[in-house]
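# Reading the structure
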Amino acid sequence: MATHCVKLSKFFKITGIRHQSKQNRGKFFASSAPTSEARQLEALTVLLRGTCSQKCLRALHARLAVAGVIRDTSAVMGLVERYISLGKPAPAASLFAGAYRGRPTVYSLNLAVRCFSDHGFHRELLDLYRELCAFGSDNFTFSPVIKACTAVSCLRLGREVHCGVLRTGHGGNVGVQTALLDMYAKAGQIDVSRKVFDSMVQRDLISCNAMVSGYSLNGCFLEAIQVLKEMQQGGMRLNASTLVGIIGMCGGFEAKDVGSSLHAVAMKYGAIADESLTSAFISMYSAFDDLSSSRLVFDLQPVKDLVSFNSMISAYMQHCNWKEAFEVFRLMHCAGLGPNLVTVVSVLPSCNGFFGIDQGESVHGMIVKFGLVEQVSVASALVSMYSKLGKLDSAVLLFCYFTEKNNLMWNSMISGYLVNNQWSMALDSFCKMQIEGVAPDATAIINAISGCRHTKDLHMAKSIHAYAVRSRFESNQSVMNSLLAMYADCGDISTSYTLFQKMEVRMLISWNTMISGFAEIGDSEASLMLFCQMCHDEVQFDLVTLISVISSLSGSEDATVGESVHSLAIKSGCNSDVSLTNALISMYTNCGIGEAGQQLFDSCCFANTITYNALMSGYRKNNVCEKILPLFYQMVKNDVKPNLVTLLNLLPVCQSQLQGKSIHSYAVRNFTRLETPLFTSAMGMYSRFNNIEYCSKIFSLVGERNIILWNAFLSACVQCKQADIVVDYFKHMLFINVKPDAVTILALISACSQLGDADFAACVTAVILQRGFSAKFLVLNALIDMHSRCGSISFARELFDSSAEKDSVTWGAMINAYSMHGNGEVALDLFSTMIDSGVDPDDITFVSVLSACSHSGFVEQGRTLFKSLQADYGIMPRMEHYACMVDLLGRTGHLDEAYDIVRSMPSRPSDNLLESLLGACRFHSNSKIGESVGKLLIESEHGKSRSYVMLSNIYASAGKWSDCEELRSDMEAKGLRKDVGVSLIGMT
């Protein structure tokens with residue numbers, strides 16, 4: 001600084017000047033020789049350039065002020081420029097305004113305006129202009145000021161400047177007009193921009209480029225092309241700036257022909273070598289799904305810069321070509337180009353999309369090497385990558401490393417928790433970011449809403465909604481649509497609908513969300529009402545709308561409406577989509593029209609896994625299980641890969657344990673991660689074949705056991721008659737603090753019913769009462785059944801009477817209890833009371849009351865009830881109802897009537913029903929009907945000796961020894977032997 005001061009004294013003669021009067025200071029500089037003035041300016045310039053800190057600059061400013069040269073234009077502008085270059089626009093503006101005492105010349109003002117503009121201090125420029133504009137402006141003033149208005153989006157001041165331009169007569173200047181049309185275009189007022197353009201007497205290439213760019217920016221593709229044609233007709237030589245905006249629009253408008261023509265034009269005018277055009281063409285061809293052309297443009301570029309590499313990587317990434325993207329990244333590295341933010345953010349998703357943690361860590365190392373790890377956007381991309389690769393600990397460690405976190409970083413971490421199913425942690429992070437003073441943006445709110453959708457936490461959901469309202473996100477369509485879906489998923493569809501009605505603007509996704517929400521809860525009427533209202537409001541439906549409406553139709557009464565929606569889909573041209581076909585197959589099979597579902601499946605040219613699963617699920621719902629395995633074989637033959645849903649459809653219909661083991665083995669071999677539904681379904685399959693050992697092995701192999709898995713294992717033990725194991729595991733559940741739910745309690749009650757221990761039943765009841773499960777209908781009904789099976793019919797009745805509300809199952813359980821205890825009269829009285837109380841009996845209730853009639857021999861009452869089953873209540877008799885009537889008539893000797901029922905049944909009678917009637921024939925010595933029934937049994941059973949023995953005994957009782965001998969010979973020929981009797985007397 002001392003050196004600077006010596007130079008200043010030498011060249012500006014500060015000592016002499018300091019003692020001169022104010023009037024003579026100006027004369028001193030005015031009378032100096034030109035050579036001397038040039039030297040002085042050169043010295044000042046050298047001094048200013050050598051000033052590298054604000055402190056030194058202020059000292060120099062002070063000495064110049066003391067020297068009295070602070071009003072010299074060169075000195076003032078030199079100081080102003082240096083202040084601005086050091087990033088201090090405020091003292092620069094104060095200096096300029098003070099130096100001229102608020103009355104600068106137009107030339108000085110232009111110099112200051114240009115300086116502020118060149119360094120990007122647009123707001124400070126506008127503040128200076130507002131203060132000094134009254135002292136004159138010209139063409140050189142207006143252009144930077146208008147550009148500053150554009151940069152800070154200050155259209156109001158821009159219009160005022162426009163008025164000043166017209167008022168001062170500078171409206172015909174090309175530079176000013178170009179700045180004006182650019183400002184209006186970027187403000188979205190493309191019509192005003194066009195008016196300015198049309199008013200131009202002379203247009204140069206820059207003004208035409210600005211108009212093309214404005215149209216491109218506002219999505220006016222055809223208008224931009226028209227201006228381009230006018231430019232060519234006017235003989236202008238197009239350059240890269242002309243073409244780059246339109247090229248970017250070609251992809252969005254799917255104008256491949258126009259894009260190819262522009263490529264030819266760029267080659268014609270020699271603009272193709274421009275780096276910006278190369279990147280634009282790569283992106284354009286990528287938008288046309290023509291990656292080969294994108295790669296050709298990239299390869300033909302003689303010298304590839306970082307932007308070209310980034311464009312090619314981005315093009316591959318957008319099409320999920322992870323491997324190719326990473327190869328281009330390798331080429332860039334081999335070419336000696338270091339990555340920048342765009343490169344890293346583009347290439348990192350390839351690690352979690354195709355490669356893995358090794359490649360991801362390698363890229364992370366390169367990021368550290370090039371010093372990019374401190375960049376928040378890069379760190380956020382790394383957090384996202386580690387999260388998606390399942391390395392949540394690494395993501396959290398990287399997240400915690402940053403002390404100052406912005407929205408992008410928080411959003412990446414919250415999304416990482418969501419990807420790894422850590423819903424509660426995601427919601428906690430949402431709360432922590434507010435505690436740390438970071439206001440959540442729309443992305444953070446949508447992520448938090450997604451967490452609530454999974455946790456079903458309605459209280460938290462309402463809190464997030466309140467925050468969104470308080471932070472004025474109600475106008476954000478994405479946030480509002482997410483809220484609609486959140487309330488629907490949390491089971492509060494009424495709030496979702498209320499919110500929907502309050503929305504001023506309802507987008508298509510809003511309608512789809514509501515229709516889908518009502519479809520999820522099975523409210524087809526509301527879904528159809530919304531669909532009709534949507535059409536009435538002239539909102540064009542899409543494929544998602546149709547699928548949502550179709551998904552809501554599941555009953556036989558919906559079949560006609562479903563056919564109408566199907567017709568609408570055909571008219572709208574959506575029927576060729578495989579997703580819609582899948583939904584239609586599910587709809588038809590759910591409505592009981594399996595043939596239509598089969599026809600759709602057969603006509604589907606591109607059946608995928610979901611298509612096969614839809615038809616399999618339909619077969620299961622319509623009890624056509626014999627068609628499921630052949631469909632699976634067809635699926636494998638057609639190289640369609642089964643998924644979890646496929647196996648969940650197959651396991652319950654396995655006809656042998658070997659089939660079930662094969663499917664289970666397939667899952668173990670082909671699925672990297674076995675999910676809870678597969679474990680529970682496999683245990684259910686093995687329990688059907690009484691293989692409790694395999695159920696236990698599956699249960700023991702699962703690391704993290706949720707309550708669903710515990711319930712599945714307990715239910716399997718119940719089915720395998722292993723009640724003791726159920727009790728032991730229930731105790732273990734309580735010991736390790738696994739909270740049981742209603743399904744757990746039902747399994748425990750079933751086990752207790754199998755044990756038949758009244759004392760243990762009382763203990764189980766106490767546990768249930770203590771844990772508050774007695775209020776649930778299912779548990780109460782099961783308790784009534786348990787106590788009746790354990791012999792405590794009186795306590796079962798107390799439980800029944802204590803229930804304030806009783807459904808048909810409650811009544812049926814109590815009626816069945818009396819039926820089991822042989823008290824048919826009380827059972828019938830209770831059935832009458834049930835009818836009088838306004839509760840309609842269901843098919844199971846009728847099984848219980850008919851069974852009570854059978855056990856008590858109430859023939860007339862049984863006949864009356866059986867007739868009323870369909871006549872009064874519209875219930876189609878099932879096999880159980882026919883079995884009860886046949887048993888009742890057989891016990892009471894009405895064999896002819898019982899046999900008439902057997903012959904009139906719409907389906908083949910079950911073996912148990914026939915055995916019951918055959919036993920009654922033997923008891924009542926009716927060999928004629930017995931022989932007919934016995935033959936039906938022998939035809940239906942293959943390899944069982946019981947039917948042969950029963951029929952043989954009937955022949956023997958009737959003295960038909962020849963028939964008896966023939967039947968026994970037939971048994972021996974088939975290798976059947978009579979089961980050996982076992983006595984329990986004397987066994988320990």
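All of these numbers come straight from a predicted model, not from anything done at the bench. (Residues numbered from 1 in each chain as written. Predicted model: local features only at pLDDT ≥ 70, side-chain atom pairs only at ≥ 80, totals over all residues. Heavy atoms only, no water.)

### Overview of the pattern of salt bridges
With the rule as written, the count across this model stands at 16 salt bridges. Residue Glu-860 is joined to Arg-863 by a salt bridge in which the shortest nitrogen-to-oxygen separation is 2.7 Å. Taken together, the positions of Glu-860 and Arg-863, both in helix H53 (residues 859–871) and three residues apart, correspond to about one turn of that helix. In this structure, Asp-887 and Arg-891 form a salt bridge, with 2.8 Å as the shortest nitrogen-oxygen distance. (Salt bridge = Lys/Arg side-chain N within 4 Å of Asp/Glu carboxyl O. Helix = DSSP H or I, 4+ residues; strand = E, 2+ residues; numbered from the N terminus.)

### Brief notes about the UniProt feature "repeat: PPR" (unreviewed entry) in the protein chain
Those places that UniProt annotates as "repeat: PPR" (unreviewed entry) correspond, in this numbering, to residues 204–238, 305–339, 406–440, 608–642, 706–740 and 807–841. The annotated region residues 406–440 carries 74% helix and 0% strand content, and the separation between its end C-alpha atoms amounts to 9 Å. Secondary structure across residues 807–841 comprises 74% helix and 0% strand; the distance between its end C-alpha atoms is 9 Å. (UniProt positions renumbered as here; feature names shortened; annotations may be inferred.)

### Some remarks on the packing of aromatic side chains
In the structure shown here, the tally under the stated rule is 22 aromatic pairs. Ring centres of Phe-601 and Tyr-612 lie 5.0 Å apart, and the angle between their planes is 80 degrees; this geometry places the pair in the edge-to-face category. Highlighted residues: Phe-601 in helix H37 (residues 594–603) and Tyr-612 in helix H38 (residues 609–621), separated in sequence by eleven residues. Both residues of the pair, Phe-601 and Tyr-612, count as buried. Note on Phe-632 and Tyr-633: the rings are 6.1 Å apart at their centroids and 55 degrees apart in plane angle, and the pair reads as tilted. For Tyr-633, a relative accessible area of 48% translates into the label partly exposed. An aromatic cluster of at least three residues, connected via ring pairs, comprises Tyr-497, Phe-500, Trp-511 and Phe-518. When the ring centre of Phe-197 is taken as origin, the NZ or CZ atom of Arg-203, which lies over that ring, is 4.0 Å away. Above the plane of the ring of Phe-298 lies Lys-304, whose end atom (NZ or CZ) is 5.4 Å from the centre. (Phe/Tyr/Trp six-rings, centres within 6.5 Å; stacked < 30°, edge-to-face > 60°. Buried < 20%, exposed > 50% of the residue type's maximum accessible area, 1.4 Å probe, protein only. Lys NZ or Arg CZ within 6 Å of the ring centre and 35° of its normal.)

### What about helix H49 (residues 793–802)?
Those residues of H49 that sit buried are Ala-796, Leu-799 and Phe-800. Considered in projection along H49, the buried side chains sweep an arc of 100 degrees and stay on one side of the axis. When the buried face of H49 is taken as reference, the exposed residues oriented beyond 90 degrees from it are Ser-794 and Ser-802. (Arc of directions from axis to C-beta.)

### What to know about the packing of helix H13 (residues 190–199) against helix H14 (residues 205–217)
H14 packs onto H13 with a crossing angle of 165 degrees between their chain directions and a minimal axis gap of 11 Å. Here H13 lies roughly antiparallel to H14, going by the angle between them. As for the relative orientation of H13 and H14, their crossing is left-handed in sense. Contacts between H13 and H14 involve Ile-190, Ser-193, Arg-194 and Phe-197 on the former and, on the latter, Ser-207, Cys-208, Met-211, Gly-214 and Tyr-215. Of the residues that constitute the contact of H13 with H14, the class distribution is five nonpolar, three polar and one charged. (Axes fitted to C-alpha atoms, helices over the stretch in contact; angles between N-to-C directions. Parallel < 35°, antiparallel > 145°, perpendicular 65-115°, else oblique. Left-handed = near helix turned anticlockwise from the far one by under 90°. Contact = heavy atoms within 4.5 Å. Nonpolar A, V, L, I, M, F, W, Y, C, P; charged D, E, K, R; others polar.)

### Structural notes on the environment of Ser-837
Position of Ser-837 relative to the elements: it lies in the loop between helix H51 (824–836) and helix H52 (843–856). As for Ser-837 and Lys-806, which are separated by 31 residues in sequence, their C-alpha atoms are 9.8 Å apart.

### Regarding the nonpolar core
Here is a general trend for soluble globular proteins: nonpolar side chains tend to be buried in one another's company. The biggest cluster of nonpolar side chains holds 212 residues, and the ones touching the most others in it are Ile-146, Leu-243, Ile-367, Phe-430, Ile-445 and Ile-464. Top contributing element to this core by residue count: helix H44 (residues 707–719), with eight residues. Those residues in contact with Ile-445 that lie beyond four places of it in its chain are Phe-430, Pro-440, Ile-464, Tyr-467, Ala-468, Phe-473 and Val-479. One finds Phe-730, Val-847, Leu-889 and Leu-918 within the second-largest nonpolar core, a separate group that totals 65 residues. (Core = buried A, V, L, I, M, F, W, Y, C linked by side-chain atoms within 4.5 Å.)

### Thoughts on the environment of Leu-398
As for its placement among the helices and strands, Leu-398 is situated in helix H25 (residues 392–401). In this structure the C-alpha to C-alpha distance between Leu-398 and Ala-379, which are 19 residues apart in sequence, comes to 7.4 Å. Once residues within four sequence positions are removed from consideration, Leu-398 is found in contact with His-364, Ala-379, Leu-382, Val-383 and Tyr-386.

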